[in-house]
Amino acid sequence: MPETTPPKDESQLIDLYEHPGHLLRRAQQISVSIFHDETGGIITPVQYAILRMLSNHPGIDQVSLSGLVAIDTSTGATVCARLEEKGLLVREVIPHNRRQRALRITQAGEALLEELIPGLQRLRKRILAPLDEAEQQQFMLLLDKLVHENNPQSRAPLARLRDQDCQED
């Protein structure tokens, strides 16, 4: 089989900083660092995502919630257990399926979400600050497209609820 060489203008990916995955990993590191700066380290970004989604879907089961946050179910169960220990959510056995837990955010959890809003607004501004307003909009559109189109490639793909799928299509 003949060896094909890429066009001269195509990157050989010799420079680490040409790898999209590396840059995405660095962007995630920066995002988490700023998240902790702005929230005082009270909760992690994944714990925040769980609480935010749970606030929108009270009574959801752990498996469905993990899908909405795009984390594997074992991680979701561990995170929910930690949040329960902190008094931010409660887990209740589902009567018709005793293996699953229905989740509800507590008043303390709702209060925490409210308390975090100013810090999360600063977080967004800090992350996007290097970009002008038009670039920020374009970046968010492209990042959303990148994540949405590559969702099937994930080890923990985003799984939307059926009633949400109907409303968004």
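Residues numbered from 1 in each chain as written. Predicted model: local features only at pLDDT ≥ 70, side-chain atom pairs only at ≥ 80, totals over all residues. Heavy atoms only, no water.

A.B. asks: Give me the lowdown on helix 6 (residues 133–150), citing residues and values where you can.
C.D. replies: It helps to recall that an α-helix has 3.6 residues per turn; residues three or four apart then point in one direction. Compared with the 26 Å implied by 1.5 Å per residue over 18 residues, the 26 Å span of helix 6 between its first and last C-alpha is a close match. Of all 18 residues in helix 6, 0 are buried, a share of ten percent or less. Structurally, the start of helix 6 carries an N-cap: the backbone nitrogen of A134 is 3.1 Å from a side-chain oxygen of D132. (Helix = DSSP H or I, 4+ residues; strand = E, 2+ residues; numbered from the N terminus. Expected span 1.5 Å × (residues − 1). Buried < 20%, exposed > 50% of the residue type's maximum accessible area, 1.4 Å probe, protein only. Polar contact = N/O pair within 3.5 Å; in protein donor to acceptor, adjacent residues only side chain to side chain.)

A.B. asks: Quick rundown of the nonpolar core? Include the residues and the values.
C.D. replies: As a rule of thumb, soluble globular proteins bury nonpolar side chains together. Within the largest apolar cluster, 24 residues are counted, with the highest numbers of intra-cluster contacts made by I43, I50, L51 and L65. Once residues within four sequence positions are removed from consideration, L51 is found in contact with I43, L83, L88, I105, L112 and L113. (Core = buried A, V, L, I, M, F, W, Y, C linked by side-chain atoms within 4.5 Å. Contact = heavy atoms within 4.5 Å.)

A.B. asks: How would you explain the confidence of the model for the chain if you had to name every residue and give the values?
C.D. replies: Any segment with low pLDDT has predicted coordinates that should not be analysed in fine detail. Per-residue confidence for the chain gives a mean pLDDT of 88, with 88% of residues at or over 70. Note that pLDDT drops below 50 for residues 163–169; the model gives that stretch 4 contacts with residues more than four away or on any other chain. (pLDDT = per-residue confidence, 0-100.)

A.B. asks: Talk me through the packing of helix 1 (residues 20–39) against helix 5 (residues 107–128); I want residue IDs and the actual numbers.
C.D. replies: Running from amino to carboxyl end, helix 1 crosses helix 5 at an angle of 145 degrees, the nearest separation of the two axes being 9 Å. In terms of crossing hand, the pair formed by helix 1 and helix 5 is right-handed. Facing helix 1, whose interface residues are S31, I34, F35, D37, E38 and T39, helix 5 presents L116, G119, L120, R122, L123, R126 and I127. Residue composition of the contact of helix 1 with helix 5, by class: 6 nonpolar, 3 polar and 4 charged. (Axes fitted to C-alpha atoms, helices over the stretch in contact; angles between N-to-C directions. Left-handed = near helix turned anticlockwise from the far one by under 90°. Nonpolar A, V, L, I, M, F, W, Y, C, P; charged D, E, K, R; others polar.)

A.B. asks: Which residues make up the side chain of Q47, and what values do they have?
C.D. replies: Looking at where Q47 falls in the secondary structure, it is placed in helix 2 (residues 45–56). A relative accessible area of 5% means that Q47 is categorised as buried. Sequence-distant contacts of Q47, that is, excluding residues within four places in its chain, are made with V79, R82, L83 and K86.

A.B. asks: Mind laying out the pattern of salt bridges, listing which residues take part and the relevant values?
C.D. replies: This structure, assessed with the given rule, holds 5 salt bridges. Residue R122 is joined to E38 by a salt bridge in which the shortest nitrogen-to-oxygen separation is 2.6 Å. Taken together, the positions of R122 in helix 5 and E38 in helix 1 put the pair 84 residues apart, joining distant regions of the chain. Take R122: its relative accessible area is 42%, and that puts it in the partly exposed class. Residue E38 is classed as buried on the basis of its relative accessible area of 15%. (Salt bridge = Lys/Arg side-chain N within 4 Å of Asp/Glu carboxyl O.)

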